[in-house]
Amino acid sequence: MLSSKHECDATLTDSQVLSFCQDGYMMLESVVPDEINQRTMDVAEENAEIEPVEFLKLPWFFDNVICNPAAMGAIRSLLGREFHLPIQLTNHRITNTSDIPGKWHVDGNYRFNHELQYLQVFYYPQDTPPELGPTEIVPGSHFWRNQTRAMWHLNHILGAKKTSAPAGSIFLTIHHIWHRVGMVRVNRPRNLFKYFYWRTTPPQRDWVIDPDFDFATADYQGGAHTGNPFAGKNGEQFRAARDAAEMFYWLCGCQDQFQVLGGCAWPTPTTRSYTPYGFPGSATNAPELRQN
Amino acid sequence: MTTQAIKQELENCLEQLEGGTLTPQRLQQVIDKFPKQTPDRKQELLIVQAKGSSLTMELLGYSIYRGGKNEPSPEQLNPHGQVTDNASSWPYKTVADAIEDGWRVISFPNSALMMDDTTTHGLGFEYILERWR
């Protein structure tokens, strides 16, 4: 019987956790060894089911993909200690080319709020360049409440991004990020495994603490200047900063301190001379907010 | 055939009728000049999502439907296209640009749907435009 919970050291820093709150995804490139990628491809050729849960019982797959050390450190940072491991697995395998764009959607059974209780994780066992139809995502869209049924007429979206990546890449997403299958333009199989992890403990700031990270002056808005495509700004002005800050505070375990006083008060991005009005704490104690 | 051309043809027929020279063949000739409802003429839909309710606001997204199908753009059909949607290759930057190019607005966004500012819904202000090709 393989373990159902996992514990390891958190590896993300404050800034990386905040970036995840803003973008709603994180790519970990080439973290699974080539040998494991090839074995996965071989088994996927023989078992082309959409839910090949037998993979979860294969020790080499469980140890190197499901419990991949790089992914575990990031997931531990976001879901806390003793997070729950996947109970199911899907392979979105495509073997035909397509001339029609995929349909944007959020996966079902979502819970729209600022709590990060679970993660939707993807794994590419093969090199997945643009022509092989990598999943397309809209960074920052996890805060947009919408129903899939109202999204199927959409095609081009400003700030959308292809998750092109080398073999062995794993990417973490917030479940309700907008995404779709890319158009496969070459005739070779594409495998994409998807599975979930869940939080089992209350959130707290127990990832890698950056002593220079300042809760008062952190850039909660994010945006293109960070180097990431970002569509969160497409909503109402400053909404993205509020949403990201609220999720970040929830992850720190101090959502009870989160407040929005309006106008140019914290966490609105603006140039300030002093501690921002409305900041839930003083500038001096900001770095220690709920540090454990 | 334009409305003005049709009017001119009918005025000519009227003159011929008054002069007693109008023939069935001449009348059929005019009828044949009317636009035909040919099956190859199809409605095209341009569905755009704008950042605000103004016709000149930046677009956040677009789709083009031809013959009822969501038509991929050339960059999507390019096997090596990156298609990170940064709008630089989009056909129009605003709704006004599309109107200038001959598209006709058939649906204006319902702003009542955007009035709850505690949550962000959907992808902006959606216009539907059409043209026949």
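Keep in mind it's a predicted model, so treat the numbers as computed, not measured.

Tallying secondary structure elements over chain A gives five helices and twelve strands in all. Relative to the 2.2 N^0.38 estimate, which gives 19 Å for 292 residues, the radius of gyration of chain A is 20 Å and therefore close to what a compact globule would have. With the C-alpha coordinates aligned to their principal axes, the bounding extent of chain A is approximately 60 × 45 × 30 Å. Taken over 292 residues, chain A has a buried fraction of 57%. Put simply, of all contacts in chain A between residues at least 6 apart along the chain, 85% involve residues at least 24 apart. In the structure as shown, chain A presents an accessible area of about 12,000 Å², 50% of it carried by carbon and sulfur atoms. Measuring between centres, the 24 positive side-chain charges of chain A sit 7 Å from its 31 negative side-chain charges.

Next up on the list: the interface of chain B and chain A. Every contact between the two is made by 35 residues of chain B and, on the other side, 28 residues of chain A. Buried area between chain B and chain A, both sides added, is near 2,800 Å², and the carbon and sulfur share of it is 52%. If you look at where chain B meets chain A, you find nine residue pairs in polar contact (both at pLDDT 80 or more). Elements with a minimum of two residues in the side of chain B that touches chain A: β1 (43–50), β2 (59–66), α3 (74–77) and β5 (120–121) of chain B. For the side of chain B that touches chain A, the element with the highest residue contribution is β2 of chain B, accounting for six residues. Classifying every residue of the side of chain B that touches chain A by side-chain character gives twelve nonpolar, 16 polar and seven charged. As defined by bridge partners, strand β8 (residues 156–157) of chain A adjoins β2 of chain B across two bridges and the pair is classed as antiparallel. Residue Ile157 of chain A lies in a different strand from β2 of chain B, and its bridge partner there is Gly61 of chain B.

Right, let's talk about the packing of aromatic side chains for a bit. All names here are of chain A. What the rule picks out here adds up to 27 aromatic pairs over all chains. Measuring from centroid to centroid gives 5.5 Å for Phe213 and Phe248, while their planes differ by 55 degrees, and the two rings are tilted. Of the two residues, Phe213 is situated in the loop between β12 (193–198) and α5 (239–252) and Phe248 in helix α5; the sequence distance between them amounts to 35 residues. A connected cluster of aromatic rings, assembled from ring pairs, spans Trp207, Phe213, Phe215, Tyr220, Phe248, Tyr249, Phe258, Trp266 and Phe279.

Below, the discussion takes up the pairing of strand β5 (residues 118–124) of chain A. Residues and elements named next belong to chain A. Among the seven residues in β5, seven count as buried, and that is most of the element. Of the two faces of β5, the one holding Tyr118, Gln120, Phe122 and Tyr124 and the one holding Leu119, Val121 and Tyr123 are both buried throughout. Relative to β12, β5 runs antiparallel, the two being bridged by six bridges. If you follow Leu119 over to β12, its bridge partner there is Tyr197. Sheet topology note: the β5/strand β10 (residues 169–173) ladder contains five bridges and is antiparallel. Within the sheet, the bridge partner assigned to Gln120 lies in β10 and is Thr173.

What counts and what doesn't
- Residues numbered from 1 in each chain as written.
- Chains lettered and ligands numbered in written order.
- Predicted model: local features only at pLDDT ≥ 70, side-chain atom pairs only at ≥ 80, totals over all residues.
- Heavy atoms only, no water.
- Helix = DSSP H or I, 4+ residues; strand = E, 2+ residues; numbered from the N terminus.
- Rg over C-alpha atoms; globule rule 2.2 N^0.38 Å.
- Buried < 20%, exposed > 50% of the residue type's maximum accessible area, 1.4 Å probe, protein only.
- Contact = heavy atoms within 4.5 Å.
- Areas by Shrake-Rupley, 256 points an atom, 1.4 Å probe, with all protein chains shown as cover.
- Lys, Arg positive; Asp, Glu negative; His and termini not counted.
- Charge placed at Lys NZ, Arg CZ, Asp CG, Glu CD.
- Buried area = accessible area lost by both parts, 1.4 Å probe.
- Polar contact = N/O pair within 3.5 Å; in protein donor to acceptor, adjacent residues only side chain to side chain.
- Nonpolar A, V, L, I, M, F, W, Y, C, P; charged D, E, K, R; others polar.
- Pairing = 2+ DSSP bridges.
- Phe/Tyr/Trp six-rings, centres within 6.5 Å; stacked < 30°, edge-to-face > 60°.

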